[in-house]
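Each chain, written out:
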Amino acid sequence: MFILPTMAFSVLMSRASLAKGQKSPSCKVFFSHDPIKIVRAKGQYMYDENGERYLDCINNVAHVGHSHPMVVKAGAEQMELLNTNSRFLHDNLVQYAQRLQATLPEKLSVCYFVNSGSEANDLALRLAWEYTGHEDVITLDNAYHGHVSSLINISPYKFHQLANAEQSKSVHVAQSPDLYRGSYRQDHPDPATAYADDVNNLIQKAHEKGHKIAAFIAESLQSCGGQVIPPAGYFQKVAQHVHQAGGLFIADEVQVGFGRVGTHFWAFQLQGEDFVPDIVTMGKPIGNGHPMSCVVTTREVAEAFKNSGMEYFNTFGGNPVSCAIGLAVLDVIEKEDLQGNALRVGGYLTRLLEQQKEKHPLVGDIRGRGLFVGAELVRDRVKLTPATAEAQDIIYKLKEQHILLSADGPHRNVLKFKPPMCFSEEDADMVVEKIDLILTDIEKALGLQMPSTVHTENGSRKRNVQPEENGRHHSNGIGHSRDTSEQHASQQNKRLRP
């Protein structure tokens, strides 16, 4: 059965028919109880069929802003000249690969262009399987890596939803390195090692059963898992264990790449200069809404894939139009200093949200980097009882006030901020002001009051402290001063230039 994409429904069906559910029951739209029919968008704003404007805090796909004129022009001009498959030589393909590789560590030098994040992650698994000759994959709890069968198997965010589904015996689920809700929290002396040891334990158990590890895969910052920021040093320690087992490390940058974290162009770089993945996958923001993605790996991994004897070909991957659009996206990021904007505005947004945490008992944790920020809502700061209903209430009330925000995480209680990178401080002010008012009303109805001190589960008392420039206020080893961070961001922008 042919299933139309979600956005196609908004063109072919009225809001009334959508509300009646005249679509595939497995398809989901935002605000399903009262869906919006969006007809155009510009920058960080979307417009419905009645001309009403909405502030978009959801769309990390429209990375440099909806309908950016430079991106639209690049695609249209190339389409007027040529669009064909990648078995012909074309300058766009070469130039784009060079520009993209210049943003990455030197050893990541071979690009495979594909058409979606799912396709990129599926190919990454094929590369790992071929290079190692092993089968097993380690993934993180609550992870989501794509919708094709190979990725549903390694996406607990999805396969946990399947009734009576058995986890594949070749897939091993490690603990999410969550410093707020996980086994090892902010008061642990070395959470990076503790969470990495969990991965090593999985490896040893797999070996005892005769299994061999092909890859460990993780989003550099977990998105659907609830905006989880892993502690510094975690990836290095995991990579050491995985490499000793003969496997590869795959960094999934589909949600968080291309300067979104502000201090760095790629989120895996938050772990430190001494960490380099074996494979990096990217998608969503790469084409600003145009369907394209990429897998970048080392020469050694690429050679092993070649030596398998099976030719690799992708009809649309790396076509001239996609590469022209990809080049334009990189140009806009540089010319408009969007990585710097992510650092500045993301830091400002985080500080505003931290102030809400000091004011509202429902706000349990604020975490993030750049314009990738999460606010976890809890009914009880000691028991960390998820405030799921309250989170849903907030996003619907915001929608009524023409602000689009989503909630995610395993308990659907984390407000997710991942807007277009042109998001401004004025936008942040407006969103947080509305959230403040909504939280006040909800807490009044629930009879919740802010305690003078917060007692954690281990019995210690904590006082509120000033947040870092951008990120959670407690120490996790990924701290940056403003001057150092902006200097690094400036250096990254220089690398984008042709």
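What you are looking at is a predicted structure, and each value in this text was computed from that prediction instead of being measured.

Draft legend 1. The arrangement of the overall build of the protein in detail. Looking only at helices and strands, one finds 15 helices and 18 strands in the protein. For the protein, the exposed surface amounts to about 21,700 Å²; the carbon and sulfur share of it is 50%.

Draft legend 2. Molecular detail of the pattern of salt bridges. Scanning the model with the defined rule gives 14 salt bridges in all. For Glu376, the salt bridge goes to Arg367, with nearest N and O atoms at 2.7 Å. Side by side, Glu376 and Arg367 carry an identical accessibility label, which is buried. Look at the salt bridges and you will find they share partners, linking Arg181, Asp365, Arg367 and Glu376 into a network.

Draft legend 3. View of a negative patch on the surface. A contiguous patch of negative charge on the surface is contributed by Glu425, Glu426, Asp429 and Glu433. Topologically, Glu425 is positioned in helix H14 (residues 425-446). By relative accessible area, which is 33% here, Glu425 ends up partly exposed.

Draft legend 4. Inspection of helix H11 (residues 320-335) at higher detail. Spanning 16 residues, H11 covers 22 Å between terminal C-alpha atoms, matching the ideal 22 Å at 1.5 Å per step. Where burial is concerned, most of H11 is hidden: 14 out of the 16 residues are buried. Between the side-chain oxygen of the N-cap and the backbone nitrogen of Val321 there are 3.0 Å, and the N-cap of H11 in question is Asn319. Looking one or two places after H11, you find Asp337, whose phi comes out positive at around 50°.

Draft legend 5. The arrangement of the environment of Asn60 in detail. One can find Asn60 in the loop between strand S3 (53-56) and helix H3 (69-81). Distance from Asn60 to Pro419, taken between C-alpha atoms, is 5.5 Å for residues 359 residues apart in sequence. Setting aside chain neighbours within four positions, we find Asn60 in contact with Gln255, Arg260, Lys284, Pro285 and Lys418.

Draft legend 6. Structural context of the packing of aromatic side chains. Counting across every chain of the model gives 17 aromatic pairs. Aromatic side chains Phe258 and Trp266 sit 4.8 Å apart centroid to centroid with 65° between the ring planes, which places their arrangement in the edge-to-face category. Residues Phe258 and Trp266 agree in their burial class; the two are buried. Ring-pair connections join several aromatic residues into one group, and the members of that group are Phe216, Tyr234, Phe235, Phe249, Phe268 and Phe275. Above the face of the Tyr45 ring, Arg53 is positioned so that its terminal group lies 3.9 Å from the ring centre. When the ring centre of Phe313 is taken as origin, the NZ or CZ atom of Arg87, which lies over that ring, is 3.8 Å away.

Draft legend 7. Layout of the nonpolar core. Ranked by internal contacts, the top residues of the largest apolar core, which has 99 residues, are Tyr96, Phe216, Tyr234, Phe258, Met282, Leu415 and Phe417. Looking at this core element by element, the count peaks at nine residues for H11. Each of two domains, domain 1 (28-57 + 338-446) and domain 2 (69-336), supplies a minimum of three residues to this core. If you look at the next biggest cluster of nonpolar residues, it comprises 22 residues, including Leu125, Ala128, Ala215 and Phe305.

Draft legend 8. How the structure looks around the sheet that holds strand S7 (residues 213-219). Pairing within the open sheet is mixed, and its seven strands lie in the order S4-S10-S9-S8-S7-S5-S6. The outermost strands of the open sheet, each flanked by one partner alone, are strand S4 (110-114) and strand S6 (171-174). Neighbouring strand axes in the sheet, compared pairwise and without regard to direction, differ in orientation by 20° on average. Relative to strand S10 (residues 293-297), S4 is paired through five bridges, and the arrangement is antiparallel. Residue pairing for S10: Tyr112 is matched across the bridge by Val295. Each of S4, strand S8 (248-252) and S10 touches helix H10 (residues 299-306); the most contacted strand, S4, lies at about 60° to it.

Draft legend 9. Representation of the packing of helix H4 (residues 91-101) against H11. One can describe the packing of H4 onto H11 by two numbers: an axis separation of 9 Å at closest approach and a directional angle of 35°. Crossing geometry of H4 relative to H11 is assigned as left-handed. From H4, Asn92, Leu93, Gln95, Tyr96, Arg99 and Leu100 reach across to H11, where they touch Pro320, Cys323, Ala324, Gly326, Leu327, Leu330, Asp331 and Glu334. When grouped by side-chain class, the residues that make up the contact of H4 with H11 number eight nonpolar, three polar and three charged.

Draft legend 10. Fine view of the sheet that holds S3. Reading across from one edge, S1-S2-S3-S14 is the order of the four strands in this open sheet, with mixed pairing throughout. Each end of this open sheet is capped by a strand with a single partner; those strands are strand S1 (38-42) and strand S14 (403-404). As defined by bridge partners, strand S2 (residues 45-48) adjoins S3 across three bridges and the pair is classed as antiparallel. Within the sheet, the bridge partner assigned to Tyr47 lies in S3 and is Arg53.

Draft legend 11. Structural context of H3. Taking 1.5 Å per residue, 13 residues should reach 18 Å; H3 reaches 18 Å between its end C-alpha atoms and fits that length. Those residues of H3 that sit buried are Val71, Ala74, Gly75 and Gln78. The buried residues of H3 all sit within an arc of 90° when viewed along its axis, so they share a single face. Opposite its buried face, H3 presents the exposed residues Pro69 and Glu80, each directed more than 90 degrees away. Its buried side turned inward, H3 meets H4 and H11.

The rules behind each value
- Residues numbered from 1 in each chain as written.
- Predicted model: local features only at pLDDT ≥ 70, side-chain atom pairs only at ≥ 80, totals over all residues.
- Heavy atoms only, no water.
- Helix = DSSP H or I, 4+ residues; strand = E, 2+ residues; numbered from the N terminus.
- Areas by Shrake-Rupley, 256 points an atom, 1.4 Å probe, with all protein chains shown as cover.
- Salt bridge = Lys/Arg side-chain N within 4 Å of Asp/Glu carboxyl O.
- Buried < 20%, exposed > 50% of the residue type's maximum accessible area, 1.4 Å probe, protein only.
- Patch = residues over 30% accessible without salt bridge, like charges linked within 9 Å, V, L, I, M, F, W, Y side chains within 5 Å.
- Lys, Arg positive; Asp, Glu negative; His and termini not counted.
- Charge placed at Lys NZ, Arg CZ, Asp CG, Glu CD.
- Expected span 1.5 Å × (residues − 1).
- Polar contact = N/O pair within 3.5 Å; in protein donor to acceptor, adjacent residues only side chain to side chain.
- Contact = heavy atoms within 4.5 Å.
- Phe/Tyr/Trp six-rings, centres within 6.5 Å; stacked < 30°, edge-to-face > 60°.
- Lys NZ or Arg CZ within 6 Å of the ring centre and 35° of its normal.
- Core = buried A, V, L, I, M, F, W, Y, C linked by side-chain atoms within 4.5 Å.
- Domains from an automatic or database assignment.
- Pairing = 2+ DSSP bridges.
- Axes fitted to C-alpha atoms, helices over the stretch in contact; angles between N-to-C directions.
- Left-handed = near helix turned anticlockwise from the far one by under 90°.
- Nonpolar A, V, L, I, M, F, W, Y, C, P; charged D, E, K, R; others polar.
- Arc of directions from axis to C-beta.

Interpretation note: all reported values are geometric properties and have no functional meaning in isolation.
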